[in-house]
Each structure stands twice: as C-alpha cells, then as structure tokens.
There are 2 protein chains.
Amino acid sequence: MAERLRTSRRGLLTLGTAAVAGTAAGTLTGCGSDADQPAAAPAMVAFGGDRQAGIATAQQDRLAFAAYDLTIDGTPAQNREALRELLKTWTAAARAMCAGKPVPGENKLGTAPPADTGEAFGSKPANLTVTIGFGPSLFDKRFGLADRRPAALADLPKFAGENLDAQNSNGDLAIQACSDDPMVAFHAVRNLARLGRGTVVMRWSQLGFGRAASTSTKQETPRNLFGFKDGTRNIHDAKTMDRWVFVGSDTDQKWMRDGSYLVARKIRMRIEAWDRDFLTDQQNVFGRHKYTGAPLTGGSEFDKPNFAAKNPDGSPTIPVGAHMRLAARENNGGVQILRRAYNYTDGMIAASGELDAGLFFLCYQRDPRSQFVALQRKLSAHDALNEYITHVGSGLYACPPGVADHEYWGQALLAD
Amino acid sequence: MAERLRTSRRGLLTLGTAAVAGTAAGTLTGCGSDADQPAAAPAMVAFGGDRQAGIATAQQDRLAFAAYDLTIDGTPAQNREALRELLKTWTAAARAMCAGKPVPGENKLGTAPPADTGEAFGSKPANLTVTIGFGPSLFDKRFGLADRRPAALADLPKFAGENLDAQNSNGDLAIQACSDDPMVAFHAVRNLARLGRGTVVMRWSQLGFGRAASTSTKQETPRNLFGFKDGTRNIHDAKTMDRWVFVGSDTDQKWMRDGSYLVARKIRMRIEAWDRDFLTDQQNVFGRHKYTGAPLTGGSEFDKPNFAAKNPDGSPTIPVGAHMRLAARENNGGVQILRRAYNYTDGMIAASGELDAGLFFLCYQRDPRSQFVALQRKLSAHDALNEYITHVGSGLYACPPGVADHEYWGQALLAD
Ligand code: HEM
Ligand code: HEM
C-alpha cells in the first residue's frame, strides 16, 4: 500500500494507489473553487488493490447494504465450488460496475434477459465501492471451511438493552455498496442478488444516507439525526488505519491478511423523545456542543477534549456518562475503530406514529473482540445515549483483502 | 406569473419569477462548464409566489413525503382556529427552511428544547421546496369547510388491480418536501411534524430518490427501477403547464385559483420478475427503446412516436397495450398531467425475499377527474405494465396557490 495520503474534502482519508483512479480522489460535487480537483473527471475509486475499497477510502454519501444467505445444498466440495463460481461472477460484476460499466454479458435484443438491469445506464460510477464480507455462518459444515474461521470472527456476545431482530441480522455474505448516487449503490446490490439467483437469496438490506451532496465546496463533518456532528474523532490517518483497522501478519488465518472485520449495527434512534430534550441535556449526552461540534471543555471541533476538567461545582465538565468520554481512546487503553455509519429512515412505526429512523452503524477493525465488543460492553452499560437508542439489528463479517486484476474475492479462503 | 422561461439542465422547466431566487435556477451540481450558472451560489428556490414551488419548478433529486392527520377535537370554530395556527407556524417554518435558515425560535441553551432539530445545520437548502396539499377528509364536519370542497377534489374511484393499504393512503394534510440533499428534505418533514405536535400526527411517509446528483454536467432523463428513461414526454413548457396543471379562473372554489391537484400513488414494481424478461418484451411493454429512450417507431429520445406505424406482419410497431400508447395525449383527447415521480425502496419483503421497491408516482393537474382518473381507468384495464406493478398506496390533495410574504398556506380557504 502506497504511503502517499490525500485528505479529501470530506475530511476522510484517501489512501494512495488503492483509491486514486485517474484524477479526483473521493470528490464528487467538486466545483471550480477546488483548484486541485478537476471537476469534470468522473469520480471513481479503484476496485483492485491490496485492500478492499470501501474501508479506508473516502466515505461516500449513500449506502446500499445487503446480507445474503447461500441456498445450495450439496456436498461440502460441491458447495464450495458453487460458492467459488458465485464469487468469481460477483467480483467481475463489481469490478465492472465500479468502473462505470454494465454487468458483463449480453445487453442486446435476443432470447435472453439483459445481463444488466439498466437503471444505472448513463449514470457515472459516482465513487462506487463494493465491499464484501463473510459471516460466521459461512464457516459451518456446508463448505468445509470450519478450520479456516478466524478467531477474531467470534460471535458477538449479547449486550445490555439490545433488541435484535433476527430478520435484520447476520447472513452468510454481506455487501456494502457505497456511492454518491443512491441509484448506483442500489443497482450494485440488486444486480449481485440477480446474478446469484439459485445460489443465494437476500436476507436483509438497508439503505442509508450520509452527508449532503450539496453545492457547497467546503464540506463539513456530517450530522446524524440527533443533529450532532458525527465523525469528528474518527480515524483520520494511515498509520492509525494500519494499526487498528487492517489485519496484520499476526493473524491466525493468512487469508485475512490486509482484510478487516466489519461490525454492522442497526440502531434505532427515538427522535421524538430526543427532540423534546433541552439543548444542555443533549450536549451532556454526547459531551460536545451541538452547533460547533467542539468538546464541552471548549475550543473548536477538532480540539482535544479535556476529560479531567471540572465545573465550578466539582462535577466533570464532560459528564461521566457522556458518549464521547466512554468511547474515547484515552479511556479505552488506546483502542480505536473506523466508523463508517449512515443515517437511515424506514418510514414510520404504525403503532406509535413515530419515525422509524436511526443510525446504520458500520465499523471496521482488526479484531472485534478487543475493539467493538470492548467498547460496546461499556457503552451498553453506561452510555447516557441509551435512553434514546436501541440496537435492533446486528451483523459481523470477515472482509477479505483486496483483489488483483485476475483474482476474485475470497480466492485464498476457498483454495483447495 | 412571469412569462420568461428557462430550461434547466434537468430538462424540466423553471418558471420565471416564482422559481428563480438569486442566480442559479434549478441547478445543483453545476460545475464550471455551465457558463450561465454560477456554481458557487447556494441553490435555492423561492418559497413565495403566485403558485407553490415544487410543482412547476425543476425536479430535485430527493423526496420526503408525509401525510398528516389532525387530532384536534373541539367545535368547528375552535378546530378551524387551531388549523389556522398550525398553518401559520408551518408556513413560517417552511419559508425559513427553504431559505436555508433554521426553524424560527430559540436554538440556544436554556430551559426549552431547541426550536430546530439541527440535523441540517450547515447544509445548504439544496433547492428545497415544501409544498402543501389538503386531503378530502379536511372538508368533513370537523372544520366547517364542507361547502369549500372543490368539485375536482372528488374521491378517487377504485381501479382494477389495485391493492391499497389504508395505512399508506390519504391524510388530512400532505407535505411534499423535495431537495437535492436527502437530509434537508427529511429535516423539513420531521420539523413540521414536530411543530404540529398536539395538533397533527404523521399518518404515513415516503422517501424517494430520483436522478443522480453526479458530477456529470450533461444531465440525462433519469431512469426508473425498470431501467427505462422516465419523463421524456412530461410537460416541458409554461403554456401547457397553464392549460393542464394549474387551476384557472373557471374553478368552483376561488381559493384554489393558481393551485393544483396532487395525486400520489405508491406503485410497487416486481423487479425480480421484470429482470427475468427479455429486452424485446420489456421494450414492448413501454413502447420505447430501453437504452436510448426512443419510441419503437425510431428516431431519438425526443422524437414523436408514430402510433400508426406497422410492422411487416401488420401488427402495430408500438403495441396496443404499450404503456406509452395508452397514456399519450394523442390517444386521450389531448389530456396531459405533470409527472413528478420518485423511485423508492423500502427494503425487502420478508415472505418472498424480494425487494420492496417501486415508483412513488406523484402527478399534478388541474382536475383529477378528467386527467389522472381518466388515464388510470384506461391503464388499469389495458396496460402491459400491469403484469409487473401493483398500486399499493394512494392520496389525493388540493394544493392551494402560493403565498405572498405575509400570507400563510390556505389563508383564503380558512377565512371566516
Ligand atoms: C445511534 C448511535 C450513535 C450515535 C448517534 C453516535 C454519535 C456519536 C457522536 C456525535 C460522536 C462525537 C463526534 C465524533 O467524534 O464522531 C461519537 C463519537 C464516537 N462514537 Fe458514537 N454514536 C453512536 C453509536 C456508537 C457505537 C455503537 C460505538 C461503538 C461501539 C460508537 C463509538 C464512538 C467512538 C469510538 C467515538 C469517538 C470518541 C472519541 O474518541 O472522542 N458510537 N459518536
Ligand atoms: C410504476 C409505474 C409506472 C412506470 C414504471 C411508468 C413509466 C413510464 C415510462 C418509462 C414512460 C415513457 C417515457 C416518458 O415519456 O416519460 C412513461 C410515460 C408516461 N406515463 Fe408512465 N409509468 C408508470 C405509471 C404511470 C401512471 C400511473 C400514469 C398515469 C395514470 C402514467 C402516465 C404516463 C404518461 C402520461 C406518459 C407519457 C406518455 C406519452 O405522452 O408518450 N404512468 N411512463
């Protein structure tokens, strides 16, 4: 992986060779005032590389996530062969779509359905990334892969307060498609489902939206549905990415080297209750100022929080139960995760007339046991935010490394 | 209404004074190459005017639609007063949001919740329009408005094949919020719900996405989820808009002069079945070429279809059941409607594992009885598309005219 780094206008990172295809890195709505970013070049993220795109590459505005279950029912050798065929087809399709091309195959008049469903024809790739992950269930008896299951892919424990819906959790395979164009992200997930017909069925899916694809040339940290800036103290440099996000040479499963582990949590947010809360309370929940994003201990958004600071009455300025205090690396032995979350709205909850909305929390890391699980154990027990949120869906996936030009996703995992 | 017209880059119309605020009319992702459109100006659509914005103004990329029911339970005079207060508050809030400002009120620390929920702080208005409509139920006994119900607001008849869900239909009030930024559209609908607490509850809602907010400077006609260009023969000029979309002086209810009638239909599309169909069949269903959008009788996208043309075997080139043949003005006594539809996806249908997706069809017109209803009677009986679609939700709303600076929505309707 190249060492060269560019900070994109979204404030997230774009990592050298892996992500920079052509010219504009991680930029979409770039207009005249960004002198270094030619606005006319179609925004593309390279599909191939040592590491999968869609993890450390700049976060796009829209998400289409889907989890799939395999439906094949043969001997482990037959099943593994079918899985291999599926992953070859999917890799080729994802590679084409990320380059702005239709799904490979016939798209002409004739006696077969078109290979590509067509709704994204004429659209630019808009920084499409398609990232795959393998769920723990893939390592059961069906494919003879039990001895290739990484120790870090240990089932998540049950957390306090969660209310998980099995129909919105887990899955043998997961696809995270991100793009600045929702149609392009949706098209990717839909076409993979279609190409896999007979081999996989979609188990659950989620659309998400992130920040504004607006005309602004000065992008700010995006806000979540509670109105707070989200992502301020996310991982922002390559060295931290290497240390906390990507699997190193110390892995028990070599096929995961340069891969990463994805934890997905669908977190419902009680918007109506939140909106009735006073600003002071809201700020105490996060430990930050709502409008500026600065820590309650002052300064501006990116200034370091002072966890030791006290109010005149002796109470801590950043309260004991503040989300930020509980989650910060300073208070967790240095642990960090890469957050890549999106807002979602699924309409309304008929019974209560409330909005069914929240955060589709995606995070990447080197080992969920010591990262997401450790943080979430603490948050689920003490976070002031818990009054307003409930975890309702969950998934854990081992995301293999990236692919070279003639490789396919999971090739090393599926080798005989 | 000014006569000056500008064709926006989206191919839809922007009508002079009503829509052009400042500089850029209906443009969002405008970059250097559009010489006449300064890219740096925040994209805004004027809220005030003779006619409501969001009808004839250029269509934005995202939709947040919500229908609300009033919950007040007093005498007609009390109820009407409460409705008036609500509409005053809503108008002021919509006016502010469309100008890129927070909901009026206190947003400071203090002993009350902030007036604005905050998730769109820092976002540009991104061409936000907020358009209101009144459902037939508003004219029942509760408000003493029965004698002000326009004849054109006649309940829709039952159509062949529809399967309407009462929980996704109707409502006393409807809000169509459109913007090029989904957060901004969502923020509008959510904040109106919040401001109306105690007076209204949200009945149903729908998010939609339209075309790509991509880097492209040459925008094409957007595609729907069946992969076809949608909007080719929509209304594209002001004279036709006057004739078919806006209520004229011949109305039975003066308060509707310069208003329009909105019909909303949530139409589920059976994507998986469609994707198994051959290209020839797909093209015969619409009567158009999939990739170019041209009519089957040849030429390019915007060329006139030749409904008389025959194949060598004597059959019509544009088949008898083709959606386009059935809906075209040439075959409906000149009748036209203004379509302003969005794609939607609501996740998955758990029972079948199919995508729950389709078209949120919105259309505006002067009189639904002779326009939407006449067309849909024919389509519901004969359209080849019916094999792949089902209407699952429905709403009909009288959208009052626009407001001057100190007016509020529906002021003439609610006058004593
Ligand atoms: C709906 C649920 C959640 C919301 C609304 C939320 C929101 C926020 C906000 C506003 C911040 C402060 C700004 C920033 O640094 O990004 C933050 C920080 C953070 N959150 Fe969350 N979060 C949620 C769930 C989670 C979960 C489930 C985890 C992990 C288990 C997590 C981990 C973190 C971390 C590590 C930080 C950075 C703390 C620091 O170093 O200052 N969050 N979150
Ligand atoms: C899921 C449902 C629908 C889909 C996918 C669909 C799609 C299309 C497409 C692809 C076209 C051709 C391109 C164009 O001129 O825009 C078209 C035209 C049209 N559609 Fe639909 N449509 C749907 C429902 C309806 C409904 C419910 C109505 C009205 C009752 C309607 C009225 C029209 C009209 C008036 C035209 C223009 C015909 C012409 O003048 O050539 N459509 N539609």
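In what follows, the accompanying structure is described.

Cut-offs and rules
- Residues numbered from 1 in each chain as written.
- Chains lettered and ligands numbered in written order.
- Predicted model: local features only at pLDDT ≥ 70, side-chain atom pairs only at ≥ 80, totals over all residues.
- Heavy atoms only, no water.
- Helix = DSSP H or I, 4+ residues; strand = E, 2+ residues; numbered from the N terminus.
- Expected span 1.5 Å × (residues − 1).
- Donors = N, O, S within 2.8 Å, 3.2 Å for Na, K, Ca; no water.
- Buried < 20%, exposed > 50% of the residue type's maximum accessible area, 1.4 Å probe, protein only.
- Lys, Arg positive; Asp, Glu negative; His and termini not counted.
- Salt bridge = Lys/Arg side-chain N within 4 Å of Asp/Glu carboxyl O.
- Polar contact = N/O pair within 3.5 Å; in protein donor to acceptor, adjacent residues only side chain to side chain.
- Contact = heavy atoms within 4.5 Å.
- Near = heavy atom within 4 Å.
- Nonpolar A, V, L, I, M, F, W, Y, C, P; charged D, E, K, R; others polar.
- Phe/Tyr/Trp six-rings, centres within 6.5 Å; stacked < 30°, edge-to-face > 60°.
- Core = buried A, V, L, I, M, F, W, Y, C linked by side-chain atoms within 4.5 Å.
- Pairing = 2+ DSSP bridges.
- Axes fitted to C-alpha atoms, helices over the stretch in contact; angles between N-to-C directions.
- Parallel < 35°, antiparallel > 145°, perpendicular 65-115°, else oblique.
- Left-handed = near helix turned anticlockwise from the far one by under 90°.
- Arc of directions from axis to C-beta.

**Considering helix α2 (residues 76–98) of chain A**
Alright, step 1. The terminal C-alpha atoms of α2(A) lie 32 Å apart, and with 23 residues this matches the ideal 33 Å at 1.5 Å per residue to within 8%.
Alright, step 2. Just beyond α2(A), the residue with positive phi is Gly100(A), at close to 80 degrees.

**Let's talk about the coordination of the iron atom of ligand 2**
Alright, step 1. Counting protein donors around the iron atom of ligand 2 gives one, His323(B) (NE2), at 2.0 Å.
Alright, step 2. When you line up the elements, His323(B) lands in helix α7 (residues 323–327).

**Digging into the side chain of Asp277(A)**
Alright, step 1. With respect to the element layout, Asp277(A) can be found in the loop between α5 (271–275) and α6 (279–286).
Alright, step 2. The side chain of Asp277(A) sits in the buried core without any salt bridge; Arg276(A) is the nearest counter-charge, 9.1 Å away.
Alright, step 3. A distance of 2.6 Å separates polar atoms of two side chains, one belonging to Asp277(A) and the other to Tyr388(A).
Alright, step 4. Beyond its immediate stretch of four places on either side in the chain, Asp277(A) contacts Gln282(A), Tyr388(A), Pro113(B) and Pro114(B).

**Focus: the site of ligand 1**
All names here are of chain A.
Alright, step 1. Residues in close proximity to ligand 1 total 26 residues, the closest being Gly231, Thr232, Arg233, His323 and Arg339.
Alright, step 2. Contacts to ligand 1 include Arg339, whose side-chain N or O atom sits 2.9 Å from an oxygen atom.
Alright, step 3. Among the secondary structure elements, those contributing two or more residues to the shell around ligand 1 are β7 (260–269), α7 (323–327), β10 (354–365), α8 (372–382) and β11 (389–399).
Alright, step 4. Broken down by element, the residue count for the shell around ligand 1 peaks at four residues, all from α8.
Alright, step 5. When its residues are assigned to classes, the shell around ligand 1 shows 15 nonpolar, six polar and five charged.

**Comments concerning the site of ligand 2**
Residues and elements named next belong to chain B.
Alright, step 1. Near ligand 2 lie 26 residues; those nearest to it are Gly231, Thr232, Arg233, His323 and Arg339.
Alright, step 2. With respect to ligand 2, the backbone of Thr232 contributes an N or O atom lying 3.0 Å from an oxygen atom.
Alright, step 3. Note that an oxygen atom of ligand 2 is positioned 2.9 Å from one of the side-chain N or O atoms of Arg339.
Alright, step 4. With four residues, helix α8 (residues 372–382) is the largest single contributor of residues to the shell around ligand 2.

**Observations regarding the packing of aromatic side chains**
Residues and elements named next belong to chain A.
Alright, step 1. In total, this model carries 36 aromatic pairs over all chains according to the counting rule given.
Alright, step 2. Each ring, one from Phe47 and one from Trp409, has its centre 5.8 Å from the other, and the planes form 55 degrees; the classification is tilted. One end of the pair, Phe47, is in the loop between α1 (16–19) and β3 (62–70); the other, Trp409, is in the loop between β11 and α9 (411–414), and 362 residues separate them in sequence. Across this residue pair, the class does not change: Phe47 and Trp409 are buried.
Alright, step 3. Seen from their ring centres, Phe159 and Phe372 are 5.8 Å apart, and the 90 degrees between their planes marks the pair as edge-to-face.

**Things to note about the nonpolar core**
Alright, step 1. Among the nonpolar cores identified, the biggest contains 201 residues, and Phe65(A), Tyr68(A), Trp90(A), Phe65(B), Tyr68(B) and Trp90(B) are the most heavily contacted of them.
Alright, step 2. When neighbours within four sequence positions are excluded, Tyr68(B) is seen to be in contact with Trp90(B), Gly171(B), Asp172(B), Leu173(B), Ile175(B), Val189(B), Leu192(B), Ala193(B), Val200(B), Val201(B), Met202(B) and Arg203(B).

**Thoughts on the pairing of strand β5 (residues 173–179) of chain B**
Residues and elements named next belong to chain B.
Alright, step 1. Of all seven residues in β5, seven are buried, a share of seventy percent or more.
Alright, step 2. Because side chains alternate across β5, one face comprises the buried residues Leu173, Ile175, Ala177 and Ser179, and the other comprises Ala174, Gln176 and Cys178, equally buried.
Alright, step 3. Inspection of the sheet shows strand β3 (residues 62–70) paired to β5 by seven bridges, in the antiparallel sense. Paired with Ala64 across the two strands is Ala177, which belongs to β5.

**Some words on the packing of α2(A) against helix α3 (residues 182–195) of chain A**
All names here are of chain A.
Alright, step 1. For the pair α2 and α3, interaxial distance at closest approach is 10 Å and the crossing angle is 155 degrees. Put simply, α2 runs roughly antiparallel to α3. At the point where α2 passes α3, the crossing takes the right-handed sense. Residues Thr89, Trp90, Ala93 and Met97 of α2 form the contact with α3, whose participating residues are His187, Ala188, Asn191, Leu192 and Leu195.
Alright, step 2. Split into classes, the residues belonging to the contact of α2 with α3 amount to six nonpolar, three polar and no charged.

**Side note on α6(A)**
Residue and element names in this part refer to chain A.
Alright, step 1. For α6, the full list of buried residues reads Leu279, Gln282, Gln283, Val285 and Phe286. Down the axis of α6, the sector holding all buried residues measures 155 degrees, keeping them to one side.
Alright, step 2. Where the residues of α6 are buried, they touch α5 and α7.
Alright, step 3. Of the residues flanking the end of α6, it is Gly287, one or two places downstream, whose phi is positive at about 85 degrees.

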